[in-house]
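For reference, the chains in residue letters:
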Amino acid sequence: MDSKLAKNRIRELRSQIQYHNRRYYQLDDPEISDAEYDRLMRELIKLENEFPDPDIALSPTRRVGAPPVEKFATVDHLTPMLSLANAFSEEEMLDFNERIRRLLDRDQDISFVTEPKIDGVAVNLVYEKGELSVGSTRGDGIVGENITANIKTIHSIPLKITRRDDIPVPDLIEIRGEVYMEIAAFDALNHRRLRDGDAPFANPRNAAAGSLRQLDPKITSRRPLDIFCYAVGAVTGISFRSHWELLQTISRWGFPINPLIMQAHDIGECINYYRDINKQREQLAYEIDGVVVKVDSLDIQDQLGFVSRSPRWAIACKFPATQETTIIEDIIIQVGRTGVLTPVALMKPVRVGGVMVSRATLHNLDEIRKKDVRIGDTVIIQRAGDVIPEVVKVVSSLRKGTETIFDMPVRCPECRSDVVRLPGESAHRCIGLACPAQIREHIRHFASRGGMDIEGLGDKLVSQLVETGTINDPADLYYLSEEKLLPLERMAKKSAANLIASITKSKNPTLEKFIYALGIRHVGEHIARLLAKRFPSLPELINASEDDLIRIPEIGPEVAGSLTRFFRVPANLEILKKLSAAGVVPITTAPRHGGSLVGKSFVFTGTLPNITRNRAKEIVESLGGNVTAAITKSSDYVVAGEAPGSKIEKARAAGVVILNGEEFLKLTGNGEKR
Ligand code: IVH
């Protein structure tokens, strides 16, 4: 690969990984499988090694997770919460052993501790004078979310360290572990949720994460959460010689440690452990995704130290992806936002890697033909997406001859319009312009988190709004009123008011989110970001020619053509006009005059009425400024919303300029357009 290609790929991988970090760590809603994520990460690590660049410090390979979301206060971890390097095979476990031996005296005996790798949520528990003071999530590894109230509802987490005569209680200690939900408890929870009409969680990890990040600790307390502790962060007043000793000590203090943790005297024993635990995996009451091997001696751990985001003395050995066998009972069609018809297999429910699955995407007719999938077939499926499983292959030896061959329908199952397949495309499409499925998916995409991010506008509600004819396009959302909403099912005055408030809140998205929300073909979040960087505002993008667009790195004729075509369709321009008339105006992200806020430091406090805090932060950063959580000597502006709290007094005392929401938008050049 030449260096220009490599640079582009590095940039692309970084932004993809950042996106997936956000889905996983902040939204508890991953889109890709852990295996797929690991592949992206490894490709990036490899390229960064071969083609060093100055931006490496900001690369996701140097960071853990994603910054905390805003609904919780933040906590600075006393020592960083690191991640682990991965091994995907026994060979890579041997490589790990070789690596550490090269760094140390070759003949030294090195023994290990081997542990199951729990698939849950990492937490940090701070104990001061033996009492639990703060519990937090990992966040980006440096700053986490303060979830103390929720942590305290987990019964197996001691509120006080159990005193033992032979061990002193440290003045201060950070205990680290993984909060998880048992599979049986997860199944029961999902069962209840389905009964109550709530969306089920995709897997126990998401259920644990979602439960821990409830604003109301009462809800957390009703969720069956548990913990296994496996590490210590900052500690004063006691020291340990080995990891094993550390685990035994915290166990005697009352912290649950995993019963399968063992000592191993060499890498061979670690590999045996890995095989052994993999065999037991399906029988365990909780989900694990591998084993962790750690050098036992803390002295040797110190000698080995860290590389970027992970310790050299430990490795996560991942299990191969799980496969299962089941039967395809039917194949149905889903109509997407662009009219694409996707065949989906409905299968006899089966547990794959701990999660029940009953649907698998079959992608398109070519795929079905290539794999020769028929209704009634026994198939091997693989949980690739951890959310969306796929059919790996048909077990043809189990064919009975009664299986039926599937064909695409000639009419759209939702609107009865013709279905066509354009030359050169693998997809079949519905050509109906008024297809309710397309309108619905289009509006869902528009309102999604990556787009206008309209909170509380769930899939069910969008379906209802479209089916009842209350809205027909995305712009109609901004013309909704209480009278229009109240006749809907399960819609009370309060929920209608909340919905309208969150729709109103979405009126000033960043330009990139706005572009993404439009749902233009081939324009995903990454391309939208490139466009928003290049064009200071929407009109400039609308008027751009194909040549202008192709000049942007990473944008080719296909994307350029799709964009110019989109902005030529009168109906699309009509919707843009309608949006703007309703006051929907994307905020500037590409600096017009260089970064006007370079060197300026902002603090936000209270709720801003006209803009979400994330967007406000994005504006500041796009103009070269930075945002901090606390007021310091170097703060320049405090932007205060409603209920600003004590920061406002601090700001006054420190003589920092205080702005309200309107003044903030004026300062950043977004005010005049409102
Ligand atoms: S040790 C510095 N031990 O896996 C090492 N982590 O991929 C800190 N995890 O962030 C981690 N089980 O959330 C360790 N027995 C175990 C673990 C474990 C699960 C998680 C943890 C960590 C992630 C790293």
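Residues numbered from 1 in each chain as written. Predicted model: local features only at pLDDT ≥ 70, side-chain atom pairs only at ≥ 80, totals over all residues. Heavy atoms only, no water.

### Section: the sheet that holds strand β26 (residues 657–659)
The pairing of strands in a sheet happens through backbone hydrogen bonds and is either parallel or antiparallel. Put simply, the test is: Strands pair, by our definition, only if DSSP identifies at least two bridges between them. Where helices and strands are cited, they refer to DSSP runs of H or I of at least four residues and of E of at least two residues respectively, numbered from the N terminus. Between the N-to-C directions of two axes lies an angle of 0 to 180 degrees, each axis being a line fitted to C-alpha atoms and, for a helix, fitted only over the stretch in contact. By the convention used here, residues are in contact when the closest approach between their heavy atoms is within 4.5 Å.
Within the open sheet, the 4 strands sit side by side as β24-β23-β25-β26. Their pairing is parallel. Pairing within the sheet leaves two strands with one partner each, and these edge strands are β24 (626–628) and β26. If you compare each strand with its neighbour and ignore which way they point, the axes differ by 30 degrees on average. Two strands pair when backbone bridges link them, and strand β23 (residues 601–605) and β24 are joined in this way by 3 bridges, in the parallel orientation. Of the residues in β24, the one forming a bridge with V603 is T628. Relative to the sheet, helix α22 (residues 613–622) contacts β23 and β24, its axis offset from that of β23 by approximately 170 degrees.

### Points about the site of the ligand
What counts is decided by this rule: Put simply, a residue is near a molecule or strand once any heavy atom of it comes within 4 Å of that molecule or strand. Any pair of N or O atoms that falls within 3.5 Å is considered a polar contact. Within protein, one atom must be able to donate a hydrogen and the other to accept it, and sequence-neighbouring residues count only if both atoms are side-chain atoms. Exposure was quantified through the Shrake-Rupley algorithm and a 1.4 Å probe, taking into account, for residues, occlusion by the shown protein chains and nothing else. Polarity classes work like this: nonpolar for Ala, Val, Leu, Ile, Met, Phe, Trp, Tyr, Cys and Pro, charged for Asp, Glu, Lys and Arg, and polar for all others, with Gly in that last group.
Among the 14 residues in the neighbourhood of the ligand, the closest are listed as E115, R138, E178, Y230 and K294. Within the contact set of the ligand, a nitrogen atom lies 2.7 Å away from a side-chain nitrogen or oxygen of E115. Taking E178, its side chain carries an N or O atom lying 2.6 Å from an oxygen atom of the ligand. For the ligand, whose accessible area on its own is 520 Å², the fraction buried by protein is 89%. Counting residues per element, the ones that place at least two in the shell around the ligand are β3 (112–118) and β10 (288–295). Sort the elements by how many residues they give to the shell around the ligand and β3 lands first, with 4 residues. Residues that form the shell around the ligand fall into these classes: 8 nonpolar, 1 polar and 5 charged.

### A word on the nonpolar core
Put simply, the test is: Residues belong to a common nonpolar core when they are buried Ala, Val, Leu, Ile, Met, Phe, Trp, Tyr or Cys residues joined through side-chain atoms within 4.5 Å. Burial here depends on accessible area, computed with a 1.4 Å probe over protein chains only, as a share of the maximum for the residue type. Under 20% is buried, over 50% is exposed, and the range in between is partly exposed.
Core analysis: the biggest nonpolar cluster contains 51 residues, and L457, L477, Y478, V523, L531, L549 and I555 have the highest contact counts within it. The contact partners of L531, leaving out residues within four places of it in the chain, are I515, V523, L541, L549, I552, I555 and L563. Formed by 39 residues, the second largest nonpolar core is a distinct cluster that contains I147, I175, A185 and I261.

### Quick look at helix α15 (residues 493–505)
What counts, and what does not: Under the convention used throughout, the expected extent of a helix is 1.5 Å for every residue step, that is, one less than its residue count. Note that the arc is defined by the directions from the helix axis to the C-beta atoms.
For α15, which comprises 13 residues, the first-to-last C-alpha distance of 18 Å matches the rise-based estimate of 18 Å (1.5 Å per residue) to within 8%. Buried within α15 we find A496, L499, S502 and I503. The buried residues of α15 occupy an angular sector of 130 degrees when projected down its axis, which confines them to one face. With respect to the buried face of α15, the exposed residues turned more than 90 degrees away are K493 and K494.

### Section: the pattern of salt bridges
Let me state the cut-off plainly: The term salt bridge refers to a pairing of a side-chain nitrogen on Lys or Arg with a carboxyl oxygen on Asp or Glu at a separation within 4 Å.
The full count for this structure, using the stated rule, is 36 salt bridges. Between D38 and K318 there is a salt bridge, and its shortest N-O distance comes to 2.9 Å. One end of the pair, D38, is in helix α2 (residues 34–50); the other, K318, is in strand β13 (residues 314–318), and 280 residues separate them in sequence. Taken individually, D38 and K318 each receive the classification buried, so the pair is uniform in this respect. A cluster of three or more residues bridged by salt bridges with shared partners is formed by E414, R440, E441, R444 and D459.

By themselves, these figures tell us nothing about what the structure is for.
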